[in-house]
Amino acid sequence: MENQSRCAPGHNAEVEAAVDYEVVIAGGGVAGMQAALMLGRASRRVLVVDAGQPRNSGAEAVHGFITRDGAPPEEMYRIARTELEAYPTVEALSGQVTEANRVANGFAVNLSNGTRAQAQRLVLATGRREERPDVEGFDELLGHSIGSCPYCHGYESRNQPLAVLGGSLMSVRLALHLKLRFTDDVVMCSNGSPPELDDETAAWVDRYNLDIRQDTVARLESKDGTLTGIVFDSGETLARTGLFVKLPLLQTSDLAEQLGCELLDDGSILVDDEYMTTAPGVYAAGDAAAQRIPGLYQVIFAAADGAAVGFRVDQDLLLTQIAVDASNNG
């Protein structure tokens, strides 16, 4: 490791073919970098490969993270990368892990820069991306006037006219949450079809008089980057200053499938209590993995996942070393 160059994601670095590491981490978001930090502090030889496209890039701020509440995501990533540079056994490269195969002593991985690396353990922290609705103006407002988590964005939206876009059961419950905690003025826009309702949620809708609009949404209007209204196919405009959504999430990488990891119905990677996938030696953390609290995707939870994975991987390698030493000593 002493002769290998290190750099933060987003810069170029040379890696010789089949360089050996103890751990390769695919993904350098909060979960991946937190895992690298823990492993670096354990003096493990670690390679972090990061595409530099976190799901919250473009968001105005991170919330609910003590000491970082209100910080821009880009600032958090900059600080994290700088902190990793203090650990000589941690190397970070810009790019992607495009292929991973099991070999006799662990795994061989191909990187998007055409080089190869080997590792005893893999950590999948590649994240997921939203399956966005086909609504004009949506992409430009996501992360600004459009949020998904009431714990991340609800406080800043209190006492404002809000809407929830989507007809899933989770969307209905999100609308009720907003109405009960942050503002009386919430409209549920199920976008062309009746919302999904179980008996319990239907009773809540009636009890709290939740306004539900089934009209198809044509576009979102905004001014200076802030939502001003929701325009329906009929041409009617509903004045709103904030919109919340619960969007389906898709894996950004097929590495889990390549390695034979089991996926859950929502597309997340199944992990056990030690964050190991169903493929031995492969761990998963952050948005890519099954969530400990379903449906709650917060930066602080991704960091907690990363810390736990770093600890688990180090312990796994330590116990493996002890077993090998015992075998060699008869």
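Up top is the structure.
First things first, this report covers the structure right here in the doc. (Residues numbered from 1 in each chain as written. Predicted model: local features only at pLDDT ≥ 70, side-chain atom pairs only at ≥ 80, totals over all residues. Heavy atoms only, no water.)

Overview of the side chain of Asp316
And step 1. As for its placement among the helices and strands, Asp316 is situated in helix 8 (residues 299-328).
And step 2. In contact with Asp316, other than residues within four places in its own chain, are Arg121, Met276 and Tyr283. (Helix = DSSP H or I, 4+ residues; strand = E, 2+ residues; numbered from the N terminus. Contact = heavy atoms within 4.5 Å.)

Observations concerning the sheet that holds strand 14 (residues 237-239)
And step 1. Spatial ordering of the open sheet is given by 12-13-14, a layout of three strands whose pairing is antiparallel. Two strands in the sheet have a free side with no partner beyond their single neighbour: strand 12 (217-223) and strand 14. Strand-to-strand twist of the sheet, defined as the mean angle between neighbouring strand axes without regard to direction, takes the value 30 degrees.
And step 2. Here strand 13 (residues 226-232) pairs with strand 14 via three bridges, running antiparallel. Residue Val231 lies in a different strand from strand 14, and its bridge partner there is Thr237. (Pairing = 2+ DSSP bridges. Axes fitted to C-alpha atoms, helices over the stretch in contact; angles between N-to-C directions.)

Structural notes on unusual backbone geometry
And step 1. One non-glycine residue with positive phi stands out, namely Ser43, at about 60 degrees.
And step 2. Residue position: Ser43 is located in the loop between helix 1 (30-41) and strand 2 (46-50).
And step 3. The class for Ser43 is exposed, based on a relative accessible area of 53%.
And step 4. In this model, Asn191 sits at a positive phi of 60 degrees, which is unusual for a non-glycine residue.
And step 5. Its place among the elements puts Asn191 in the loop between strand 10 (186-189) and helix 6 (199-207). (Buried < 20%, exposed > 50% of the residue type's maximum accessible area, 1.4 Å probe, protein only.)

Observations regarding the environment of Leu250
And step 1. Relative to the elements of secondary structure, Leu250 occurs in strand 16 (residues 249-251).
And step 2. Residues Leu250 and Glu130, 120 residues apart in the sequence, show an inter-C-alpha distance of 6.3 Å.
And step 3. When neighbours within four sequence positions are excluded, Leu250 is seen to be in contact with Arg128, Arg129 and Glu131.

Some points on the packing of helix 5 (residues 169-181) against helix 6
And step 1. Following both chains from N to C, one finds helix 5 and helix 6 inclined at 35 degrees, their axes separated by 11 Å at the closest point. As for how helix 5 packs across helix 6, the hand of that crossing is left-handed. Between helix 5, through Leu169, Val172, Arg173 and Leu176, and helix 6, the contact on the second element is made entirely by Glu200, Thr201, Trp204 and Val205. (Left-handed = near helix turned anticlockwise from the far one by under 90°.)

Description of the pairing of strand 4 (residues 97-103)
And step 1. Alignment of strand 4 against strand 5 (residues 106-111), held across six bridges, turns out to be antiparallel. Paired with Glu99 across the strands is Asn110, a residue of strand 5.

A closer look at the pattern of salt bridges
And step 1. Within the structure shown, the criterion is met by 15 salt bridges.
And step 2. For the salt bridge of Arg173 with Glu200, the shortest nitrogen-to-oxygen distance reads 3.1 Å. Highlighted residues: Arg173 in helix 5 and Glu200 in helix 6, separated in sequence by 27 residues.
And step 3. We classify Glu200 as partly exposed; its relative accessible area is 45%.
And step 4. Here Asp215 and Arg213 are joined by a salt bridge, their closest N and O atoms 3.1 Å apart. (Salt bridge = Lys/Arg side-chain N within 4 Å of Asp/Glu carboxyl O.)

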